[in-house]
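Geometric and topological summary
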Amino acid sequence: MNPSNHLTEGVIFPKGDKITNNYFIGTAWLEMIVPFDATFNCPIGNVTFEPGARNNWHKHPGGQILLVTGGIGYYQEEGKPVEILREGDVVKIDPDVKHWHGATPDSWFAHIAISTNVQKGDTEWLEPVMDEQYHNGFQR
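Residues numbered from 1 in each chain as written. Predicted model: local features only at pLDDT ≥ 70, side-chain atom pairs only at ≥ 80, totals over all residues. Heavy atoms only, no water.

1. Description of the overall build of the protein chain
Each helix and strand in the protein chain was counted, giving 2 helices and 12 strands. Secondary structure elements of the protein chain occur, N-terminal to C-terminal, as α-β-β-β-β-β-β-β-β-β-β-β-β-α. In the protein chain, the proportion of contacts linking residues at least 24 apart, taken out of those at least 6 apart, comes to 70%. On the protein chain, roughly 7300 Å² of surface is accessible, and the fraction owed to carbon and sulfur atoms is 50%. (Helix = DSSP H or I, 4+ residues; strand = E, 2+ residues; numbered from the N terminus. Contact = heavy atoms within 4.5 Å. Areas by Shrake-Rupley, 256 points an atom, 1.4 Å probe, with all protein chains shown as cover.)

2. Let's talk about the packing of aromatic side chains
Going through the model one piece at a time under the given rule, you end up with 8 aromatic pairs. Between Tyr74 and Trp100, the ring centres sit 6.3 Å apart and the planes meet at 85°, which makes this aromatic pair edge-to-face. Linking Tyr74 in strand E7 (residues 64-77) with Trp100 in strand E10 (residues 99-103), this pair joins segments that are 26 residues apart in sequence. The exposure classification of Tyr74 matches that of Trp100, with both residues buried. A ring pair is formed by Trp100 and Tyr134, whose centres lie 5.9 Å apart and whose planes are at 50°; its orientation type is tilted. Of this pair, Trp100 sits in strand E10 while Tyr134 sits in helix H2 (residues 131-136), and the two are 34 residues apart along the sequence. For the pair formed by Trp100 and Tyr134, the shared burial category is buried. Through a chain of ring-to-ring contacts, three or more aromatic side chains come together here, namely Tyr23, Phe24, Phe49, Phe109 and Trp125. Above the plane of the ring of Trp29 lies Lys15, whose end atom (NZ or CZ) is 3.9 Å from the centre. One Lys or Arg, Arg54, reaches over the ring of Tyr134 and ends 4.2 Å from the middle of that ring. (Phe/Tyr/Trp six-rings, centres within 6.5 Å; stacked < 30°, edge-to-face > 60°. Buried < 20%, exposed > 50% of the residue type's maximum accessible area, 1.4 Å probe, protein only. Lys NZ or Arg CZ within 6 Å of the ring centre and 35° of its normal.)

3. Some words on the pairing of strand E8 (residues 83-86)
Sheet topology note: the E7/E8 ladder contains 4 bridges and is antiparallel. Bridge pairing links Gly73 to Leu85 in E8. (Pairing = 2+ DSSP bridges.)

4. Let's talk about the nonpolar core
The nonpolar side chains of a soluble globular protein tend to be buried, and buried together. Counting residues in each nonpolar core, the largest one holds 15 residues, and the members touching the most others are Phe49, Leu66, Tyr75, Leu85, Val91 and Phe109. Secondary-structure elements contributing two or more residues to this core are strand E4 (44-49), E7, strand E9 (90-93) and strand E11 (109-115). Per element, the largest residue contribution to this core is 3 residues, and it comes from E7. Once residues lying within four places of it in the same chain are set aside, the contact partners of Val91 are Gln64, Ile65, Leu66, Tyr75 and Leu85. Of all hydrophobic cores here, the second largest spans 5 residues; its members include Trp57, Trp100, Val129 and Tyr134. (Core = buried A, V, L, I, M, F, W, Y, C linked by side-chain atoms within 4.5 Å.)

5. Side note on unusual backbone geometry
With phi around 60°, Asp96 is a residue other than glycine that occupies positive phi space. Residue position: Asp96 is located in the loop between E9 and E10. Here Asp96 falls in the partly exposed class, since its relative accessible area comes to 47%. With a phi close to 50°, Asn117 is a non-glycine residue in the positive phi region.

6. Looking at the environment of Val47
Considering the arrangement of structural elements, one finds Val47 in strand E4. With relative accessibility at 9%, the residue Val47 sits in the buried group. Taking the C-alpha atoms as reference, Val47 lies 6.7 Å from Glu31; in sequence the two are 16 residues apart. When neighbours within four sequence positions are excluded, Val47 is seen to be in contact with Trp29, Leu30, Phe109, Ala110, His111 and Ala113.

Laid out in structure tokens, this is it:
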């Protein structure tokens with residue numbers, strides 16, 4: 001099966017709704033698997049990116065964990081080279097680390113995003129990852 005085709009409908013969880021905020025370049029979808037609530041305090045979302053789609057640079061005051069479920073993606077922390085992510089990879093992002101993630105130019109990409117320690121505050125969205133940065137593995 002061509003991975004760029006089977007991710008169009010989701011891998012394990014539903015693809016969800018198209019993300020319509022200004023924090024993404026390209027098209028991405030979000031399905032909240034575990035919405036935020038005071039009982040579990042651990043929102044979990046399935047995020048699916050079309051080829052070339054990515055989110056802006058951002059920080060999580062309480063950190064984040066990504067579980068890659070399909071396709072091929074990129075992850076980059078400020079000042080470090082881009083990492084290639086594949087199904088089965090786990091990324092543990094420390095609190096307040098500036099980073100971005102998204103699909104490679106020629107593959108869909110899906111991951112489970114787990115927000116940790118959310119009592120420390122909301123995601124801080126920053127500047128977009130411009131095409132030149134994205135295509136050249138830009139290091140800040």
